[in-house]
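# Structure at a glance
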Amino acid sequence: MGINDASLVEVSGLVIEFEARSLTEIDYLTLETPEGQIYNLNVGKNLGKFTPSHIRQHMVHGELVEISYFRRDGENWLGSIQDFSLR
């Protein structure tokens, strides 16, 4: 099953938890929006510059991220992650 842009949902918030598979791959992460909504996201891939240490830096400094995700088989899957920027 392919994923099109219409099926991606974008949100921003703080990463409050994550689990790393290796020094470069994230298994899952949990994001909390400023409104208190919690998103548990499966990742299971290398996120480029968003290494576990980069994500930990965001957590320590309280820096927001923007993510896009999609639903597959009743679960949320991370599509992309980037530094938060005001538009």
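This text follows the structure it describes.
A short tour of the structure in this document, coming up. (Residues numbered from 1 in each chain as written. Predicted model: local features only at pLDDT ≥ 70, side-chain atom pairs only at ≥ 80, totals over all residues. Heavy atoms only, no water.)

### What to know about the environment of Glu-66
Inclusion rule: Helix numbers and strand numbers start at the N terminus; a helix is a DSSP run of H or I with at least 4 residues, a strand a run of E with at least 2. Here the term buried applies to any residue with accessible area under 20% of the maximum for its type, exposed to any over 50%, and partly exposed to those in between, with areas from a 1.4 Å probe on protein chains only.
Relative to the helices and strands, Glu-66 is located in strand 4 (residues 65-72). When its relative accessible area of 10% is taken as the criterion, Glu-66 is described as buried. Note: C-alpha distance between Glu-66 and Ser-53 (13 residues apart in sequence) is 17 Å.

### Some remarks on the side chain of Asn-76
Stated precisely, the cut-off is as follows: Any N or O atom pair separated by 3.5 Å or less is treated as a polar contact, with the protein-specific requirement of one donor-capable and one acceptor-capable atom, and with residues adjacent in sequence counted only for side-chain atom pairs. By definition, residues are in contact when any of their heavy atoms lie within 4.5 Å.
Considering the arrangement of structural elements, one finds Asn-76 in strand 5 (residues 75-83). Polar contacts involving the side chain of Asn-76 include one to the main-chain carbonyl oxygen of Asn-40, which spans 3.5 Å. Aside from chain neighbours lying at most four places away, what touches Asn-76 is Asn-40, Leu-41, Asn-42, Tyr-69, Phe-70 and Arg-71.

### A closer look at the nonpolar core
Using the following cut-off: The term nonpolar core refers to a set of buried residues drawn from Ala, Val, Leu, Ile, Met, Phe, Trp, Tyr and Cys, joined through side-chain atoms within 4.5 Å.
Membership of the largest hydrophobic core comes to 17 residues, with the highest contact counts inside it found for Leu-29, Leu-31, Leu-41, Leu-47, Ile-55, Ile-67 and Ile-81. Among the secondary structure elements, those contributing two or more residues to this core are strand 1 (9-20), strand 2 (25-32), strand 3 (38-46), strand 4 and strand 5. Apart from the residues within four sequence positions on either side, Leu-47 is in contact with Thr-24, Ile-26, Ile-55, Leu-78 and Ile-81.

### With respect to the packing of aromatic side chains
The geometry of two aromatic rings is summed up by the distance between their centres and the angle between their planes. Note the cut-off: Aromatic rings from Phe, Tyr and Trp, taking only the six-membered ring of Trp, are treated as a pair when their centres fall within 6.5 Å; an angle between ring planes under 30 degrees marks them as stacked, one over 60 as edge-to-face, and anything in between as tilted. Ring-over charges, as used throughout, are those where CZ of Arg or NZ of Lys falls within 6 Å of the ring centre and within 35 degrees of the ring normal.
Counted by the stated rule, this structure contains one aromatic pair. Arg-72 extends its terminal NZ or CZ atom over the ring of Trp-77, reaching a point 4.7 Å from the ring centre.

### With respect to helix 1 (residues 52-61)
For clarity, the cut-off: Directions are taken from the helix axis to each C-beta atom, and the arc is the one they span.
Pro-52, His-54, Ile-55 and His-58 are the residues of helix 1 that are buried. Down the axis, helix 1 shows its buried residues gathered within 165° of arc, on one side only. Turned more than 90 degrees off the buried face of helix 1, the exposed positions are Ser-53, Val-60 and His-61. Turning to helix 1, the residues buried within the fold contact strand 1, strand 2, strand 4 and strand 5. Two residues or fewer past helix 1, Gly-62 is found with a positive phi of approximately 65°.

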